[in-house]
Structures are given as C-alpha cells and as structure tokens.
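Overview (structure and organization)
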Amino acid sequence: MSKKIVIEPVTRVEGHGKVTIHLDDQGNVAQSRLHIVEFRGFERFVQGRPYWEAPVLVERLCGICPVSHHLAAAKAVDVIAGAGTGDGLTPTAEKIRRLMHYGQMFQSHTLHFFHLASPDLLFGYDAPPEQRNVIGVALANRELATQAVLMRKYGQEVIAATAGKKIHGTGAIPGGVNKSLTIEERDTLLKGRAPLNADKMIAWSQGALAFFKDYYKKNKAFIDGFSQFPSNHLSLVRKDGALDLYHGVLRAVDAAGKKILNDVDYQDYLSHLREEVRSWSYMKFPFLKILGKEKGWYRVGPLARLNTADFIPTPLAQKEFEAFKAVTGGKPNNMCMHTHWARLIEVLHSAEVIRDLLLDSDITGTDLVTKGKWQPVGVGVIEAPRGTLMHHYRVNEDDLITMANLIVSTTHNNEPMNRAVNCVAKAMMTGQKEITEPMMNAVEVAIRAYDPCLSCATHAYGQMPLEVSLYDATGKLISQRRK
Amino acid sequence: MAKKIIATTSLAGCFGCHMSILDIDERILDLIELVEFNKSPIDDIKTFTKECDIGIIEGGCCNDENVHTLLEFRKHCKTLVVIGECAMMGGLPSMRNTIPLKECLDEAYLNGPTVADCNPQKIIPNDPDIPKILNRVYPCHEIVKIDVFLPGCPPRADLIWDALVALVTGAELKLPYTTFKFD
Ligand code: SF4
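Keep in mind that what you see is a predicted model, and the values were worked out from it rather than measured.

About the criteria used
- Residues numbered from 1 in each chain as written.
- Chains lettered and ligands numbered in written order.
- Predicted model: local features only at pLDDT ≥ 70, side-chain atom pairs only at ≥ 80, totals over all residues.
- Heavy atoms only, no water.
- Helix = DSSP H or I, 4+ residues; strand = E, 2+ residues; numbered from the N terminus.
- Buried < 20%, exposed > 50% of the residue type's maximum accessible area, 1.4 Å probe, protein only.
- Contact = heavy atoms within 4.5 Å.
- Areas by Shrake-Rupley, 256 points an atom, 1.4 Å probe, with all protein chains shown as cover.
- Pairing = 2+ DSSP bridges.
- Axes fitted to C-alpha atoms, helices over the stretch in contact; angles between N-to-C directions.
- Near = heavy atom within 4 Å.
- Nonpolar A, V, L, I, M, F, W, Y, C, P; charged D, E, K, R; others polar.
- pLDDT = per-residue confidence, 0-100.
- Phe/Tyr/Trp six-rings, centres within 6.5 Å; stacked < 30°, edge-to-face > 60°.
- Lys NZ or Arg CZ within 6 Å of the ring centre and 35° of its normal.
- Parallel < 35°, antiparallel > 145°, perpendicular 65-115°, else oblique.
- Left-handed = near helix turned anticlockwise from the far one by under 90°.
- Core = buried A, V, L, I, M, F, W, Y, C linked by side-chain atoms within 4.5 Å.
- Domains from an automatic or database assignment.
- Expected span 1.5 Å × (residues − 1).
- Polar contact = N/O pair within 3.5 Å; in protein donor to acceptor, adjacent residues only side chain to side chain.

Describing the overall build of chain A
- The secondary structure content of chain A amounts to 17 helices and 16 strands.
- For chain A, with 483 residues in total, the buried portion stands at 67%.
- Relative to all contacts within chain A whose residues are 6 or more apart in sequence, the contacts with residues 24 or more apart total 67%.
- For chain A, the exposed surface amounts to about 15,500 Å²; the carbon and sulfur share of it is 53%.

Thoughts on the sheet that holds strand 1 (residues 4–10) of chain B
All names here are of chain B.
- If you trace the five strands from one edge of the open sheet to the other, you get 2-1-3-5-7, paired in parallel fashion. Edge positions in the sheet fall to strand 2 (35–37) and strand 7 (148–150), since each has one partner strand and no second. On average, each strand axis in the sheet is inclined to that of its neighbour by 25°, with strand direction left out of account.
- Pairing of strand 1 with strand 2 involves three bridges; the strand directions are parallel. The residue bridging Lys 4 from the neighbouring strand is Val 35, located in strand 2.
- Sheet strands touched by helix 2 (residues 27–34): strand 1 and strand 2. Its angle to strand 2, the strand with the most contacts, is close to 100°.
- In the packing of helix 6 (residues 157–169) onto the sheet, contacts are made with strand 1, strand 2, strand 3 (52–58), strand 5 (77–83) and strand 7, and the angle to strand 7 comes to roughly 160°.

Examining the environment of A:Thr430
Residue and element names in this part refer to chain A.
- By the element assignment, Thr 430 lies in the loop between helix 15 (414–429) and helix 16 (437–448).
- A residue is classified by how much of its surface remains accessible, and Thr 430, at 33% relative accessible area, is partly exposed.
- The spatial distance from the C-alpha of Thr 430 to the C-alpha of Gln 26 is 8.6 Å, given a sequence separation of 404 residues.
- In contact with Thr 430, not counting residues within four places along its chain, are Gly 27, Asn 28, Val 29 and Ala 425.

Points about the site of the ligand
- Residues in contact with the ligand amount to 13 residues; listed here are only the nearest, B:Cys14, B:Cys17, B:Glu85, B:Cys86 and B:Cys153.
- Positioned at a junction of chains, the ligand has nearby residues supplied by chains A and B.
- Residue assignment for the shell around the ligand shows that the elements contributing at least two residues are helix 1 (16–22) and helix 4 (84–89) of chain B.
- Class assignment of the residues belonging to the shell around the ligand gives a composition of five nonpolar, five polar and three charged.

Comments concerning unusual backbone geometry
- A cis geometry characterises the amide bond from B:Cys153 onward to B:Pro154, with omega recorded as -10°.
- Along the chain, B:Pro154 falls in the loop between strand 7 and helix 6.
- Positive phi, normally seen in glycine, also occurs at A:Asp263, with a value near 50°.
- Position of A:Asp263 among the secondary structure elements: in strand 8 (residues 259–264).
- The phi dihedral of B:Phe15 is positive, around 75°, even though this residue is not glycine.
- By relative accessible area, which is 1% here, B:Phe15 ends up buried.

Points about the confidence of the model for chain A
- Here chain A shows a mean pLDDT of 85. Residues at 70 or above account for 85%.
- Considering only residues more than four positions removed or in separate chains, one finds that residues 9–15 of chain A, a stretch of pLDDT under 50, has 35 contacts.

As for the pairing of strand 1 of chain B
All names here are of chain B.
- Within strand 1, six of the seven residues are buried, leaving the element largely enclosed by the surrounding structure.
- Pairing analysis gives five bridges linking strand 1 to strand 3, with the strands arranged parallel. Residue pairing for strand 3: Thr 9 is matched across the bridge by Ile 57.

Regarding the sheet that holds strand 6 (residues 232–237) of chain A
All names here are of chain A.
- Taken in spatial order, the four strands line up as 8-7-6-11 in an open sheet, and their pairing is mixed. Both outer strands of the open sheet, strand 8 and strand 11 (298–299), are each paired with one neighbouring strand and no more.
- The pairing of strand 6 with strand 7 (residues 249–253) spans five bridges and is antiparallel. Bridge pairing in strand 7 places Val 237 opposite Val 249.

Some details on the side chain of A:Lys153
- Its place among the elements puts A:Lys153 in helix 6 (residues 142–163).
- When near neighbours in sequence (up to four residues on either side) are disregarded, A:Lys153 contacts A:Leu196, B:Asp25 and B:Glu26.

A short note on the environment of A:Leu368
Residue and element names in this part refer to chain A.
- Positionally, Leu 368 belongs in the loop between helix 13 (338–358) and strand 12 (377–384).
- Exposure remark for Leu 368: the relative accessible area of 17% places this residue in the buried category.
- Contacts of Leu 368, omitting those with residues within four sequence positions, involve Thr 90, Thr 92, Ala 93, Gly 175, Gly 176, Val 177, Asn 178, Lys 179 and Ser 180.

Observations concerning the packing of aromatic side chains
Residues and elements named next belong to chain A.
- Applying the stated criterion across every chain yields a total of nine aromatic pairs over all chains.
- Consider the rings of Phe 324 and Trp 341, whose centres lie 5.1 Å apart with planes at 85°: the pair is edge-to-face. Residue Phe 324 is found in helix 12 (residues 315–326), and its partner Trp 341 is found in helix 13; the two are separated by 17 residues along the sequence. Exposure class is identical for Phe 324 and Trp 341. Each is buried.
- Joined through ring pairs, the aromatic side chains of Phe 212, Tyr 216, Phe 324 and Trp 341 make up one cluster.
- A cation over a ring is seen here: Lys 75 above Tyr 246, with NZ or CZ 4.6 Å from the ring centre.
- Note that Arg 278 overlies the ring of Phe 285, its terminal NZ or CZ placed 3.7 Å from the centroid.

Observations concerning the packing of helix 12 of chain A against helix 13 of chain A
Residue and element names in this part refer to chain A.
- For the pair helix 12 and helix 13, interaxial distance at closest approach is 8 Å and the crossing angle is 165°. Taken together, the axes of helix 12 and helix 13 are roughly antiparallel relative to one another. Read as a crossing pair, helix 12 and helix 13 show a hand that is left-handed. Across the interface between the two elements, Pro 315, Leu 316, Ala 317, Glu 320, Phe 321, Ala 323 and Phe 324 from helix 12 touch His 338, Trp 341, Ala 342, Ile 345, Leu 348, His 349 and Glu 352 from helix 13.
- Along the lines of polarity and charge, the residues of the contact of helix 12 with helix 13 split into 10 nonpolar, two polar and two charged.

Describing the nonpolar core
Residues and elements named next belong to chain A.
- Grouped together as the largest cluster of nonpolar side chains are 129 residues, with contacts concentrated most on Tyr 154 and Leu 358.
- Each of domain 1 (3–40 + 429–482) and domain 2 (43–412) accounts for three or more of the residues forming this core.
- Leaving out residues up to four positions away in the same chain, Leu 358 has contacts with Leu 99, Tyr 154, Leu 181, Arg 186, Leu 189, Leu 190, Ala 198 and Ile 363.

Some thoughts on helix 3 (residues 64–76) of chain B
Residue and element names in this part refer to chain B.
- Counted at 1.5 Å a residue, the expected span for helix 3 with its 13 residues is 18 Å, and the 19 Å between its end C-alpha atoms agrees.
- The inward-facing, buried residues of helix 3 contact strand 1, strand 3, strand 4 (61–63), strand 5 and strand 6 (133–138).
- Sitting at the head of helix 3, Asn 63 places a side-chain oxygen 3.1 Å from the backbone nitrogen of Glu 65.

See below:
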C-alpha cells in the first residue's frame, strides 16, 4: 500500500513551507517534496515604479535580512544611475554600505545560531520540544541568552546608524548613501556602552565558535554524517579569491573543487543561470546553464562561500578558516551540518570587518554620492546571510521600472533543501509503519541547516510545529502525529 | 497571577514585524517572566491547545490559508492585535491589488528573463499541496474584527513593548508621538 506523508514544518497556515513524502507499496520513499507556498508577484507590481524606489520597496519582501535586499537593489540602481558596477562609489559610500551589510550579517547569523541552533546543541535533538527553543535557552542559561540578545542588538545598532532604522532603513540611494557616521556614532559603536563595543563582539564571536567546536568534538559522527550529499557551490568572491560578502565576481565549484563558473561578472548572470518552474512549489529552481536542469543545481550560503573562497581577509577568521578547511583536506565541504560552523566563522569575520571599518577615517567622510551616465539596465548581486542574492531591473526613459527579476538566496537553495529532505526521509522513514517524533525532528533539522528565513523567524518565538500524516493510496488518513 | 498566553503569526508579511518584537532586546528576557508564548505559531483548531489571551498578527491575507489562520486566531484569542502596515492595510504585498493576478503569475513564471526560454510547457505552480492565491491582498480587519492596531513598517520596538505591557498588566497604553513617527 502506498502512503503519502505530509509534514508542515512551518505550519500550513503560516503559509511558507510544507513537506510531503510519498511511500510506495514496499514502504520505500517514492518521492519527497518541500513546497514553498507563498507568492507575492513583486516582479509585476513593481513595474511602473521609479527605479530609485526599488531599494526601499523590495526590502519589504524580507524583514529578516532587509539590508541584503536594500543593498542588492541599490547596487542594481547604481548601475542605472551611471555609478559603475561596484567600483564607482566614493570610499565613504562604499564603506558605509559595507558597514551596514556586515552589521546585518552579524545580527542575522547571531540570531540563527543562538535562537535556532543553540537550543538543539544545548538540550539535544531529542529534548522535550517545550524546552528546545530560545525561551528554554533563556530559562536554562540566562548568560548565554543575554549574550545572544546583546550581539543581535549590536548588529541592529550598526544597521540603525548606517541605514537610519533597524528594520527597513533608507541609507542606500542610487550612486551612494544618504548619510555617513558622525564621530559620535562611530565612537558609540567602537567603544560603546559596555558591553556593546566592537572588541567585545569579536571576543563573544570567538566564544560562540569555541562552543560549537566543543560540541563538534563530542558529536562528530552526527555533525559529519547527517544529511550530507555532494553538490556544486556558488557565491561571490573578491577578484583575488577572498571571501567578500558585499561585492565580487561569481564563482562556482563542483563537489570536488573544480571551478565550473570561473569568476564571471554578475552583470552577465543571464548567460549563466536559468530557473526551472515546477507545478508544486511557488519557488523556482535555479540551475547553471552549462550543466542543465539535472546537474546544474548548487548550494549557496555560508558553507558554499567557504567552499568557493580561497581565503578570508581578516586574521582571526582566517585562522578559523584554515582549521575548517583542514577537515576536508582543502576540498569542498559537503557536510550539511558544517554550515553552522561556517556561519560562526562568518560571524567572527563580520565582527572583525565592523571594527576595521569603524577605525577607518572614510567612515565619517562627507562625499556620499557618485553620478554618471544613465543606463537602461542594472544587475545587483550581494552575499546575503543565507547566500547569493540577485536583483535585475530594466527601466524606460522616464526612469520607470519595466522589468524586475529577483533570485533570492533561499531560492538558490531550493533543490539542495529538497535533496536534504529526501536524504533524511530515505534514511529514517523507509519501511516504517509509524512516524515517530525523532523522524519529524530529523526532517526539521535538515531544512533548518539551510536557515530558510521563515523557519528561522518561527523559531524566534518557539518550537517549530510539525504535522505528519500518513495516507493510504486512496488518500485516506491512517496515522497522524503532531508536536 | 497566571501568565498571559500569547500567540503570534505571520500571514502575508515579511517577518519584519516579528523582528521588531525581537528588537525589544533585553526586555525580551523580562517579557518571558510575564507571559507564556504559545509554543508554536498556530495553524488550526487542533494546535490551539489553549485559549490565548493575546493574538498578534503580522501581514494581511494573500491566500486561502492566511484567511483560515486569521479566523482561527479570532476564535481562540481574547484580544487580537495587528502589527504593521501589511496587517492593517495590506502593505507592500497589496501593491498587486490593482493588477490582475494572472499578470503577476505570468511575469514570475513565464516571462521573467531566467524562465522565458526554459519553461516550454508554460508551467505555473498549481497543486493541491500549495494554497490558492486570493484575487487581492486583504487587510485583516476586512476579514475579522480587530481589537488593537499598532502602525509602522514595522512598528517600533518601543511601541510594541509599551503595548504588550499595557495589554498584559491592564494598564493604560501610553502613546507618545515619537513611537508613531515614521520614516
Ligand atoms: S508592515 Fe513592514 S515590517 Fe511588517 S510585515 Fe509588512 S513590510 Fe514587513
């Protein structure tokens, strides 16, 4: 008898994600799918709006990392405003934007690690669900929870100082920024009100890394083996191969480390990428054109970035990077759960970059905007916390948008997340008559490693609910479980 | 005093309003002394294990599941609070309200530059496992009665904090002008 299992990790009506697993007569996994169930229609309704509105409109698609959308759109409209393709901004404008972005990276990664990952690490994956959430962390370890809250707060304050507001700011404008830091703002972030200062953030980031590495030592088999599968990896890298989250060229490597996209200009992304539409998900499936739909999918995000980059341009993070690379002998790391490790290395890197930028005199400069020759098309790409984010706009001679195309980070990870679900479903559910809580947890953990925005936010408030239903071939419900 | 029970959900919102709740920073540690967060963003009657005192809604309704959730929240929460522009008026997603839905779908799945030449079967997502999109985006108050409205995109953390404290303790809500000053 064939069965269909439905798992709704973010709850059906939250309207974001849902998993279905079909078992065949022998109880083997015949098919598994992660459905993304939301649709906004942005590509169409932004048409007719003046292009300079894009950075403040599009960030409202995602309040978890709005700065990434704000800046990707700004980079695209820079091109339209004639401010060059990433190298044309004034030093102050570029550094203010970088500060905003690394502040965002710091707060978003911190949120993910402490609010999402740490409960599992602290209490174990099989702890009671009521405990396994950030409130459980706060009740059990107030010091860790306080640190988490304060690290996120620091990142948010960096954003507020550069973008004017913690969420949905307005700092970036075509060709530059609308403010730089005052000396007072800079000093507050740099030396700060204790314990919020740049050096403290570096120290706490190292603490978080130590926490993870200790956990890894004790749980190596799980961290290495869980939901791991080979894939391609894609991200921006700086021209010299360094990790750069704000600007660079597109690089992709395969599972063995061979370059399959060799440092190309992202203005030309259309020559390299396409997206497949499947009827059962509102989220599209991007792939590398030269490899085709079957083989061309790839991962993005912290793990992918540490796989594509040759080095990290800040000393403390570089040392951690070397230790991370040593685990796989310098080859790409395809172990899903190592994403948490990679993410924490980026937290440390972000803290170092923030401190360095605050010490740079350009950050209080007054030359904010570059103007140049108008162009009808612009592409902006940035490394958002969850991976590569692409914005592409075309405008008419009245400066109104006529075409918009966005490929967001979670979309790039669509196929990998589906693979992860399949991998776990096969390992845990094959031949099972009953669905147990550990099985549901496992699926949840696999998806969560990719940090899709919505599960992350859901976790900010408590345990992500799961519902699993077993249906027979005629669609009759034969077993259901919830937690 | 028994802890008040709070449930929250994001409908057609961007989660920015939820992030603004987190921006109350250290006060979140005080908040959990005062209230019990219902352990999940609740989806239907089976998961409403308890009746809640306060339901917080972010986002308007853009698909049938959003409507379903909102109705369930109304049924199980004594006080329903909408936070943010999207829940109050539809917000950014409601920019599609002047455009036929089909045009939005066509643009995303048939005409966009990364799909136009590689979707020969002209597939537009449509499956029993994904919700149906409504003809337009509806603000929450057009569907159910709403008790409290907190404006902003997102509402400032201080406004959310003051409102929560007032709702939990029964004190009168202070509304200084600064918490309503927008971008
Ligand atoms: S009101 Fe603003 S912050 Fe809140 S969900 Fe809507 S767009 Fe996001």
